[in-house]
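Residue strings, one per chain:
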Amino acid sequence: MSGNIATTIKKYAVPNIPYLFIMWACLKLGTAFRLAEGANIGEQLINITDTLAPAFTSFAPGLNPFDWLVGLVGAVLIRIYVHGRTKKARKFKRDMEYGSARFGTSADIKPFINPKFKDNVILTGTEYLTMNTRPANPSNARNLNCCIIGSSGSGKTRFWLTPNLLQGHSSYVCVDPKGQILGQVGTFLKRQGYKIKIFNSIDFSLSQHYNPIIYLKTESDILKFVNALIQNTQGEGKESDPFWTKTETLLYCALLGYIVFEAPEEEKHISTLVDMINSMETKESDENFKNPVDYMFLGLEKRKPDHFAVRQYKKFRLAAGSKTMKSILISCGARLAPFDIGQLREIMSYDELELDRMGDRKTATFFIISDVDTTYNFLVALAFSQMFTLLCERADNKYGGRLPYHVRVLWDEAANTGQVPQLEKLVAVIRSREISLCLFLQAQSQLKAIYKDHAETILGNMDSVIFLGGRESSTVKEISENWLGKATISMQTESVTKGQQQYSQTKHPNR
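These figures come from a predicted structure and were not determined experimentally.

Q: How do you make sense of the layout of surface pockets when you look at a structure like this?
A: Where empty space is left in the structure can be found by rolling a water-sized probe over the atoms. Of the volumes computed, that of the largest pocket is approximately 1,400 Å³. Forming the walls of the largest pocket are 49 residues, and the residues nearest its centre are Q231, N232, G418, Q419 and V420. Those elements that provide at least two residues to the lining of the largest pocket are α8 (219-231), α13 (322-335), α15 (378-398), α16 (423-429) and α17 (444-451). The biggest single contributor to the lining of the largest pocket is α15, with nine residues. Residues that form the lining of the largest pocket fall into these classes: 18 nonpolar, 21 polar and 10 charged. The space that makes up the second largest pocket amounts to roughly 1,100 Å³.

The following block contains the structure:
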């Protein structure tokens, strides 16, 4: 009760104390006016100067009602005037004129931290982020997507990726340059009950098998896979004419459509696609020449004229004469050359990675790549493009929209392992399915080089950005000007005027 009284006094009484002095002054003026000689108000106002001194001689107010009326009316009028001026005053944000950004404190990050250390993402040595994507206070909800930017040697892998792997609260998909991460954390994760999966593109003899064809179930899956394949095997140069890419796409869709929907199980692998292209002989002198693949599709057309593969192959044959077809087949052969290597054929003959089951149980999948030879790095992008789609579909179709185990994708060397088509859309929708993506870059410009105009959208869907240092100008400028914001500070300046007399002045303007 006493607290409420004190609050009321502080709110209403204290601000009005100055008006008591104003009322006293007006009361004294009323006394001076009353004592002034004159037959009318004008004469009294003229002679009021003679009575001011006697009126203000005594501090105590008199008891004359006229004096009190003048004092009260004067105080009220001045209070009304000040209130009106305050309402019409310009709005000022003191110490915030040029910006209000500041560095966060432990109190700012506390609502986002899980009390149980193990259930956090480690951002820095003192900042963490809870794995709970649906906290009690919705305003504290953050997605777990991260972008880690740091130049070579800044500690992206050793000081950020490895400690987060050791948290052991999710299923993990980790791109592992040189295989060092697996050697450091593999035994620990296995003891924690993780099922370890390894795709090793440095030494295929130490790798488990990955067959992308078995994940193709629909016509849409085929088209997505073909787009990912073309984008990640087109080389450094730009396509001079989209005609060649489009005709290749038709051919791949046709052949994969036949493999997926018509081939026996033991032939559903990428080697069958390579063999089919190798058998597509052409003769420039004979436009009516039919190769084995032509006869294969003619037979399928008789049985199933509306088959997806038949429709795509007819479009391909319509676009490609014998001479053009030869050029297209040469391009296809060059694009699929890595799949024609014996070791890779064997690795991709069947599947052990189970990309669609990563959210069913605690799994740690390592994609070991070479940091020197990037020949097979595109396989990571192929696997990731399938993995994101498969996990989202499994979350929706089997688990009501959320996977039982959160899947964290730790994509080290993201700029050197190919491009996932429509990543800007995937990164926006995977959060609700309990999937998160962490991109590791040496500079922000690397992401723009791969995803062009979509790079900003991808970064915009990452609530956490970790900057470990670097000298790339666009990255430093973006972080300092747009991410850190601006703050108002006080700047002390001193000016000195020299002459016969030296004059010095110090000012403290805001900047």
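Q: Is there a simple way to think about the packing of aromatic side chains in this case?
A: We describe a pair of aromatic rings using the distance from one ring centre to the other and the angle between the two ring planes. If you walk through the whole model with that rule in mind, you get 14 aromatic pairs. Here the aromatic rings of W160 and F440 are separated by 5.8 Å at their centres, their planes lie at 70°, and the arrangement is edge-to-face. Of the two residues, W160 sits in helix α6 (residues 156-165) while F440 sits in strand β8 (residues 435-441), which places them 280 residues apart along the sequence. Geometrically, the ring pair formed by F199 and Y210 is edge-to-face, given 6.0 Å between the ring centres and 85° between the ring planes. With F199 in strand β5 (residues 195-200) and Y210 in the loop between β5 and α8, this residue pair connects regions lying 11 residues apart in the sequence. Accessibility expressed as a relative area gives 2% for F199, which makes it buried. Ring-pair connections join several aromatic residues into one group, and the members of that group are F199, Y210, F367, F384, F388 and W411.

Q: It is not clear to me how the nonpolar core should be interpreted in this structure. Could you clarify?
A: Soluble globular proteins tend to bury their nonpolar side chains together. With 90 residues, the main nonpolar core has F339, L355, F384, F388, W411 and L437 as its most contacted residues. Ranked by residue count, the leading element in this core is α15, at 12 residues. Those residues within four positions of L355 in sequence are excluded, and the remaining contacts are Y210, Y215, F367, A383, Q386, M387, L390 and L391. Core analysis: the next-biggest nonpolar cluster, separate from the first, contains 27 residues, V121, L144, I181 and I466 among them.

Q: Would you mind going over a nonpolar patch on the surface with me for this structure?
A: A grouping of L69, L72, V73, V76, L77 and I80 is seen on the molecular surface, where their side chains present a nonpolar patch of about 550 Å² in accessible area. Along the chain, I80 falls in helix α4 (residues 65-88).

Q: Teacher, can you tell me more about the packing of α8 against helix α9 (residues 242-262) here?
A: Packed helices, taken two at a time, are described by the angle their axes make and the gap between the axes. One can describe the packing of α8 onto α9 by two numbers: an axis separation of 9 Å at closest approach and a directional angle of 135°. It follows that α8 is oblique to α9 by the angle criterion. Once α8 is placed against α9, the crossing between them reads as right-handed. Here E219, I222, L223, F225, V226 and I230 of α8 lie close against α9, whose contacting residues are T245, T249, Y252, C253, L256, G257, V260 and F261. Of the residues belonging to the contact of α8 with α9, the class tally is 10 nonpolar, three polar and one charged.

Q: Honestly, the packing of α9 against helix α10 (residues 270-278) in this entry has me stumped. Any pointers?
A: Two numbers describe how α9 lies on α10: the axes approach to 10 Å, and their chain directions differ by 125°. Of the possible angle classes, the one that applies to α9 and α10 is oblique. Helix-helix and strand crossings are classified by hand; for α9 and α10 the assignment is right-handed. In this structure, α9 contributes Y252, L255, L256 and I259 to the contact, and α10 contributes T272, L273, M276 and I277.

Q: Would you mind going over the pattern of salt bridges with me for this structure?
A: Here the idea is simple: oppositely charged side chains can pair when their charged atoms come close. Counted by the stated rule, this structure contains 18 salt bridges. Here E354 makes a salt bridge to K197, at a shortest N to O gap of 3.0 Å. Remark: K197 occurs in strand β5 and E354 occurs in the loop between α14 (342-347) and β6 (363-369); sequence separation between them is 157 residues. Note on E354: relative accessible area 27%, which makes it partly exposed. One salt bridge connects D356 with R357, and the closest N-O pair in it is separated by 3.7 Å.

Rules behind the numbers
- Residues numbered from 1 in each chain as written.
- Predicted model: local features only at pLDDT ≥ 70, side-chain atom pairs only at ≥ 80, totals over all residues.
- Heavy atoms only, no water.
- 1 Å grid on protein atoms, 1.4 Å probe; cavity = no way out; pocket = protein on both sides within 12 Å on 5 of 7 lines; lining within 4 Å.
- Points joined across faces, edges and corners; volume = space filled by probe spheres on them.
- Helix = DSSP H or I, 4+ residues; strand = E, 2+ residues; numbered from the N terminus.
- Nonpolar A, V, L, I, M, F, W, Y, C, P; charged D, E, K, R; others polar.
- Phe/Tyr/Trp six-rings, centres within 6.5 Å; stacked < 30°, edge-to-face > 60°.
- Buried < 20%, exposed > 50% of the residue type's maximum accessible area, 1.4 Å probe, protein only.
- Core = buried A, V, L, I, M, F, W, Y, C linked by side-chain atoms within 4.5 Å.
- Contact = heavy atoms within 4.5 Å.
- Patch = residues over 30% accessible without salt bridge, like charges linked within 9 Å, V, L, I, M, F, W, Y side chains within 5 Å.
- Areas by Shrake-Rupley, 256 points an atom, 1.4 Å probe, with all protein chains shown as cover.
- Salt bridge = Lys/Arg side-chain N within 4 Å of Asp/Glu carboxyl O.
- Axes fitted to C-alpha atoms, helices over the stretch in contact; angles between N-to-C directions.
- Parallel < 35°, antiparallel > 145°, perpendicular 65-115°, else oblique.
- Left-handed = near helix turned anticlockwise from the far one by under 90°.

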